[in-house]
Amino acid sequence: MTRLSTRFAALKREGRAGLIAYIMASDPDHETCFEILRGLPGAGADVIELGFPFSDPMADGVSIQLAAQRALKAGGSLRKTLDLARRFRAEDQTTPLILMGYSNPVEQMGYDGFSRDMANAGADGAIIVDLPPEEDSPLRAAFAPNDLSIIRLATPTTDDNRLTKVLEGASGFLYYVSVAGVTGANAATSENVRAAVERIKRATQLPIAVGFGVRTPEAARAIAQNADAVVVGSAFVDEIAAGGSEQAVERVLRKVEQLSEAVRTARGQ
Amino acid sequence: MATNVESRRNWQDLPDADGRFGQYGGRFVAETLMPLILDLERAYRAAQADPEFAATMQDFWTHYVGRPSPLYFAERLTDHYGAAKIYFKRDELNHTGAHKINNCLGQVLLAVRMGKTRIIAETGAGQHGVATATICARLGLPCVVFMGATDIERQKPNVFRMKLLGADVRPVTSGNATLKDAMNEALRDWVTNVHDTFYCIGTAAGPHPYPEMVRDFQSVIGREAREQILEREGRLPDALMACIGGGSNAIGLFHPFLNDEDVKLYGVEAAGFGLDVYNKHAAAINGGKPGVLHGNRTYLLQDDDGQILEGHSISAGLDYPGVGPEHSYLADIGRAKYLSCTDDEALEAFKLCARLEGILPALEPSHALARVGEVAQEIGKDGLIIMNLCGRGDKDVFTVADALGVTL
């Protein structure tokens with residue numbers, strides 16, 4: 001059992017969806033980010049997605065673009081991201097932590113080095129946005145010996161044939177991108193998401209997390225009806241951008257509590 | 001001999017089915033875009049097999065673009081260097097003033113075939129934006145051009161031209177607000193408008209099949225040059241030269257000659273303030289290393305963490321941190337040689353060409369011009385060189401005046 005499968009099994013037993021909380025490493029600075037990170041499980045995050053910054057995040061909306069710029073300005077990097085993961089894991093041995101970002105920093109580190117350093121840091125898997133199944137075999141080969149999950153994405157443009165290809169070699173969970181667009185943009189209608197999740201569930205045993213454009217408790221609650229987890233990112237990142245870094249920790253964690261509450265109670269209503 | 005045949009076949013066949021030129025190229029895009037680029041590839045294969053598509057293209061080339069472009073013997077420049085004969089392939093005489101329109105025409109005609117109703121493009125200096133807006137006006141399609149806010153400020157005449165042609169020019173303020181950010185923003189638009197939108201990429205880069213498709217559309221340059229030089233001189237040239245930003249004009253000239261191993265190929269990258277000045281040049285092959293950006297693996301200007309550098313060149317058209325993946329491959333296997341030229345050297349070449357040949361070259365091909373003398377010496381007196389004069393310099397007069405300290 002990996003930390004991810006253990007966590008999703010527990011959510012299933014509890015009969016509720018989980019909250020996957022995304023923040024960008026080193027945003028707004030290294031230490032403030034660490035304070036947010038260590039507070040996430042207590043505020044209700046079931047899984048943590050830690051972004052590593054890239055100068056050209058072409059699948060991201062404005063919120064996460066700006067987060068990446070703040071992080072880079074604060075000296076953020078893939079190595080610093082792994083450092084944050086290591087410090088988090090020293091305090092928390094159960095909350096799954098996955099990394100999310102773009103392939104070039106990984107290419108420069110090398111796939112084997114990335115896998116080894118992730119395993120040493122106690123990270124559990126990765127989503128590399130611009131590494132579709134056609135291009136991720138070096139990453140899969142590097143991840144296998146360390147039992148790290150490679151989290152694939154399905155989108156509204158993924159038809160049944162494509163879904164089969166996406167699911168081959170996917171592990172951890174499947175990330176359903178609920179709208180054709182960038183992160184943090186428009187929300188999908190809940191009927192469309194519900195239908196998509198049902199379609200994917202017929203094709204896989206993997207847990208399904210839904211993200212992109214989920215900003216409010218209402219939207220999160222709707223998705224949590226049949227998805228196994230809800231991913232929220234831009235809404236948290238915006239709280240960091242909203243003011244001074246002294247209160248950033250409190251603002252983000254309060255927002256996490258709100259969204260977590262909505263996700264936890266969704267199916268009881 | 002067997003080895004030669006083998007390597008020839010490789011050159012002819014690239015990219016492979018996965019869109020690779022050796023380790024370069026590929027399809028490094030978000031999953032939302034994967035079905036779109038696979039669909040684009042199918043549509044492109046169908047168009048390639050359709051004689052009507054080729055006929056339509058030929059008709060536009062002849063009557064709208066003004067092809068074939070002349071192959072011109074630059075006699076006074078040749079005398080100036082006193083070595084190999086220098087010919088210019090005059091793609092600056094195309095409609096809109098550069099080679100860019102060869103590719104835009106192909107892509108937008110393909111978009112129409114695919115039933116797409118909205119065209120988007122990125123632009124740096126504005127040449128690709130103007131060419132795309134031109135074809136969209138001619139074919140009656142709405143056109144959105146993403147352009148960095150910094151570039152909009154620097155290239156006001158081209159912005160106005162695009163607007164006159166009916167394009168919606170969207171300022172991009174993310175990142176450093178230049179070409180690579182405009183390309184990021186175009187990709188964000190495409191991922192959001194997947195059903196009706198065609199992304200017309202301006203250089204031989206991006207995810208497969210773009211590098212191949214743009215190369216094929218630009219190869220009309222090399223095919224014509226080959227015929228023309230055979231007619232004029234009765235033999236193939238000894239060397240081809242072209243400037244390299246993304247490298248679409250260069251690959252268009254080079255590709256029909258790849259199998260002619262005696263024809264030397266020279267690309268010239270923009271060295272800005274010098275290759276040894278950190279982040280102040282745009283020479284991806286000479287001063288970068290392989291990585292992944294904008295859908296393909298290729299040489300890139302980047303730091304140790306894989307963050308992309310902005311770079312610099314006096315020529316906005318060469319001011320891009322990457323290069324087309326086929327050039328990365330040709331550099332690695334040694335089939336083409338990549339030289340570089342600083343801002344100052346390009347300015348000198350610009351002035352020399354104006355005075356000796358009565359042609360104002362764009363600052364982009366001025367980079368290739370700056371190295372043409374050395375290559376002519378290397379080839380020697382009886383040699384033949386074809387240099388791609390891929391754009392005209394009217395757009396650059398303000399930049400050149402500014403660099404020379406002249407107030408207009």
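J.: Could you give an account of the overall build of chain B, with specific residues and numbers?
T.: In terms of helices and strands, chain B carries 17 helices and 14 strands. A compact globule built from 408 residues would reach a C-alpha radius of gyration of about 22 Å, and chain B, at 20 Å, matches this within 12%. Its C-alpha atoms give chain B principal-axis dimensions of about 60 × 55 × 50 Å. Evaluated residue by residue, chain B yields a buried proportion of 60% over its 408 residues.

J.: Quick one: what's the story with the sheet that holds strand β2 (residues 24-28) of chain B, residue by residue and with numbers?
T.: Residues and elements named next belong to chain B. Taking strand neighbours across the sheet as the criterion, the four strands line up as β1-β2-β12-β11 in an open arrangement whose pairing is antiparallel. Across the chains shown, the open sheet's two edge strands, defined by having one partner strand only, are β1 (20-21) and β11 (289-293). Here β1 runs beside β2; their pairing, made up of two bridges, is antiparallel. Its bridge partner being in β2, F21 is matched across the sheet by Y24.

J.: Any details on the domain arrangement of chain B? Residues and values, ideally.
T.: Residue and element names in this part refer to chain B. Taken domain by domain, chain B comprises domain 1 (2-62 + 100-214) and domain 2 (67-97 + 219-403). Each of domain 1 and domain 2 was reduced to a C-alpha centroid, and the two centroids are 21 Å apart. Counting from both sides, the interface comprises 41 residues of domain 1 and, opposite them, 36 residues of domain 2. Take the side of domain 1 that touches domain 2: its biggest share by element is five residues, from β2. Of the residues belonging to the side of domain 1 that touches domain 2, the class tally is 18 nonpolar, 17 polar and six charged.

J.: So what about the pairing of strand β7 (residues 174-177) of chain A? Which residues, and what values?
T.: Residue and element names in this part refer to chain A. Burial along β7 is two-sided: L174 and Y176 and Y175 and V177, pointing in opposite directions, are all buried. By the bridge criterion, two bridges tie strand β6 (residues 153-154) to β7 in an arrangement that is parallel. Opposite L153, over in β7, you have Y175 as the bridge partner. A crossover connection joins β6 to the parallel β7 through helix α8 (residues 160-167); in handedness this β-α-β unit is right-handed. Across four bridges, β7 lies against strand β8 (residues 208-211) in parallel orientation. Among the inter-strand pairings, V177 is bridged to a residue of β8, identified as G211.

J.: Describe in detail helix α1 (residues 3-14) of chain A, supporting the description with residues and values.
T.: Residue and element names in this part refer to chain A. Between its first and last C-alpha atoms α1 spans 17 Å; for twelve residues at 1.5 Å apiece the expected length is 16 Å, and the two agree. Of the residues making up α1, those classed as buried are R3, L4, R7, F8 and L11. The arc enclosing the buried residues of α1, seen along the axis, measures out at 125°, which places them on a common side. Opposite its buried face, α1 presents the exposed residues T6, A9 and R13, each directed more than 90 degrees away.

J.: Run through the interface of chain A and chain B, naming residues and quoting values.
T.: In this complex, chain A contributes 33 residues to the contact, which on the side of chain B involves 29 residues. Secondary-structure elements contributing two or more residues to the side of chain A that touches chain B are α3 (62-73), α5 (103-109), β6 and α8 of chain A. Top contributing element to the side of chain A that touches chain B by residue count: α5 of chain A, with five residues. When the residues that make up the side of chain A that touches chain B are grouped by side-chain class, the tally is 16 nonpolar, ten polar and seven charged.

What counts as what
- Position labels on residues start from 1 in each chain and follow its written sequence.
- Written order decides the labels, with chains lettered from A and ligands numbered from 1.
- Only residues with pLDDT of at least 70 get local features here, since the model is predicted, and only at 80 or more are side-chain atom pairs given and counted; chain-wide, interface and lining totals rely on the full set of residues.
- Each helix is a run of DSSP H or I of at least 4 residues and each strand a run of E of at least 2, with the numbering of both proceeding from the N terminus.
- Radius of gyration: over C-alpha atoms. The globule rule applied is 2.2 Å multiplied by the number of residues raised to the 0.38 power.
- Residues are called buried when their C-beta atom has 20 or more other C-beta atoms within 10 Å, exposed when it has 12 or fewer, and partly exposed otherwise; all C-beta atoms are positioned from the backbone.
- Here the rule is simple: two strands pair whenever DSSP picks up at least two bridges between them.
- For each domain, the first and last residues come from an automatic or database assignment.
- Contact between two residues is assigned when their C-beta atoms, built from the backbone, lie within 7 Å.
- When residues are sorted by character, Ala, Val, Leu, Ile, Met, Phe, Trp, Tyr, Cys and Pro go into the nonpolar class, Asp, Glu, Lys and Arg into the charged class, and all the rest, Gly among them, into the polar class.
- Handedness rule for crossovers: strands pointing away from the viewer, path from the first strand over the helix to the second running clockwise, crossover right-handed.
- Take the residue count of a helix, subtract one, and multiply by 1.5 Å to get its expected span.
- Each C-beta atom gives one direction from the helix axis, and the arc is the one those directions make.

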